[in-house]
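# Remarks on the overall topology
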Amino acid sequence: MENDGRGAGPRPEGGVGDDPPAPAAPGPLPYEGVWRFTASAVDASVPQARHAVRDLLFRQGVPLTDDLLQGLLLIVSELVTNGVKHAALLSPILAVEVAVGAEWVRVSVEDNHPYRPTALVADHDETGGRGLLLVREVTREAGGVCDVEHTASGGKVIWAALPLTVARVP
């Protein structure tokens, strides 16, 4: 027996009556990958990050429903806004990452500020303070997960991962 070089493993010699070669193991889908870019911790970076993520997802052909896309873009906006408002002094540069798998998409924002934020319920008269609460709710409704983790450099990364398949929450 010899290997025919097609990755199908050992095959009997000959040709007539041979079984067709086994199909190759499926590789990554065309839209899978990880992309990372930086943004200054300034207000103008919020719409720029949102547009960059939207354009990336479209360019890669990620199969998103409109609701999922809008949820992801809202999450990006809120996470970058939090970095701009709360971390800019210690972290003038934010890192935005988009990771796409076969069945999920994950967005994250990393900064060098050690403070670990919590989702607060703001007073109804307040105009802000609900960003992480909103991120958590959008993520939950989509059937995803979100968290805040410390980085090795002493900062933090806040992320949300959403399934590409529609999930119903009771």
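Please refer to the structure higher up on the page.
Structure report, in brief. Because the structure is a prediction, the values reported are computed rather than measured. (Residues numbered from 1 in each chain as written. Predicted model: local features only at pLDDT ≥ 70, side-chain atom pairs only at ≥ 80, totals over all residues. Heavy atoms only, no water.)

## Describing the pattern of salt bridges
Scanning the model with the defined rule gives six salt bridges in all. The partner of Arg 36 in a salt bridge is Glu 110, with the nearest N and O atoms 2.9 Å apart. Residue Arg 36 is found in strand S3 (residues 33-40), and its partner Glu 110 is found in strand S5 (residues 104-111); the two are separated by 74 residues along the sequence. Here Arg 106 makes a salt bridge to Glu 97, at a shortest N to O gap of 3.7 Å. (Salt bridge = Lys/Arg side-chain N within 4 Å of Asp/Glu carboxyl O. Helix = DSSP H or I, 4+ residues; strand = E, 2+ residues; numbered from the N terminus.)

## Concerning the nonpolar core
The tendency in soluble globular proteins is for nonpolar side chains to be buried as a group. Leu 57, Ile 75, Val 80, Val 98 and Val 105 are the most contacted members of the largest nonpolar core, which has 33 residues in total. Listed by contribution, the elements that provide at least two residues to this core are helix H1 (45-60), helix H2 (66-86), strand S4 (93-100), S5, helix H3 (131-141) and strand S7 (156-163). The element that contributes the greatest number of residues to this core is H2, accounting for nine residues. Beyond its immediate stretch of four places on either side in the chain, Val 105 contacts Leu 57, Leu 64, Leu 72, Val 98, Ala 99, Val 100, Ala 160, Ala 161, Leu 162 and Leu 164. (Core = buried A, V, L, I, M, F, W, Y, C linked by side-chain atoms within 4.5 Å. Buried < 20%, exposed > 50% of the residue type's maximum accessible area, 1.4 Å probe, protein only. Contact = heavy atoms within 4.5 Å.)

## A word on the environment of Asp 111
Along the chain, Asp 111 turns up in strand S5. Residue Asp 111 is classed as buried on the basis of its relative accessible area, which comes to 5%. For Asp 111 and His 150, which are 39 residues apart along the polypeptide, the C-alpha to C-alpha distance reads 9.8 Å. In contact with Asp 111, other than residues within four places in its own chain, are Gly 83, Ala 87, Ser 91, Leu 94, Gly 155 and Lys 156. A polar contact is formed between the side chain of Asp 111 and the backbone nitrogen of His 113, at a distance of 2.9 Å. (Polar contact = N/O pair within 3.5 Å; in protein donor to acceptor, adjacent residues only side chain to side chain.)

## Concerning H1
Taking 1.5 Å as the rise per residue, H1 with 16 residues should run 22 Å; its terminal C-alpha atoms sit 22 Å apart, in good agreement. Listed in full, the buried residues belonging to H1 are Ser 45, Val 46, Ala 49, Val 53, Leu 56 and Leu 57. Here the buried residues of H1 occupy an arc of 105 degrees about the axis, which is enough to place them on one side. Seen from the open side of H1, the exposed residues pointing more than 90 degrees away from its buried face are Gln 48, Phe 58 and Arg 59. Looking at the buried side of H1, the elements it contacts are S3, H2, S4 and S5. Following H1 by one or two positions, Gly 61 adopts a phi angle in the positive range, close to 75 degrees. (Expected span 1.5 Å × (residues − 1). Arc of directions from axis to C-beta.)

## As for the sheet that holds S3
Read from one edge to the other, the open sheet built from five strands follows the order S3-S4-S5-S7-S6, with strand pairing classed as antiparallel. Looking at which strands have only one partner, the edges of the open sheet turn out to be S3 and strand S6 (145-150). Adjacent strand axes in the sheet meet at a mean angle of 15 degrees when their direction is disregarded. As defined by bridge partners, S3 adjoins S4 across eight bridges and the pair is classed as antiparallel. If you follow Ser 40 over to S4, its bridge partner there is Ile 93. Sheet strands touched by H1: S3, S4 and S5. Its angle to S3, the strand with the most contacts, is close to 160 degrees. Contacting S4, S5 and S7, H2 runs over the sheet at an angle of about 10 degrees to S5. (Pairing = 2+ DSSP bridges. Axes fitted to C-alpha atoms, helices over the stretch in contact; angles between N-to-C directions.)

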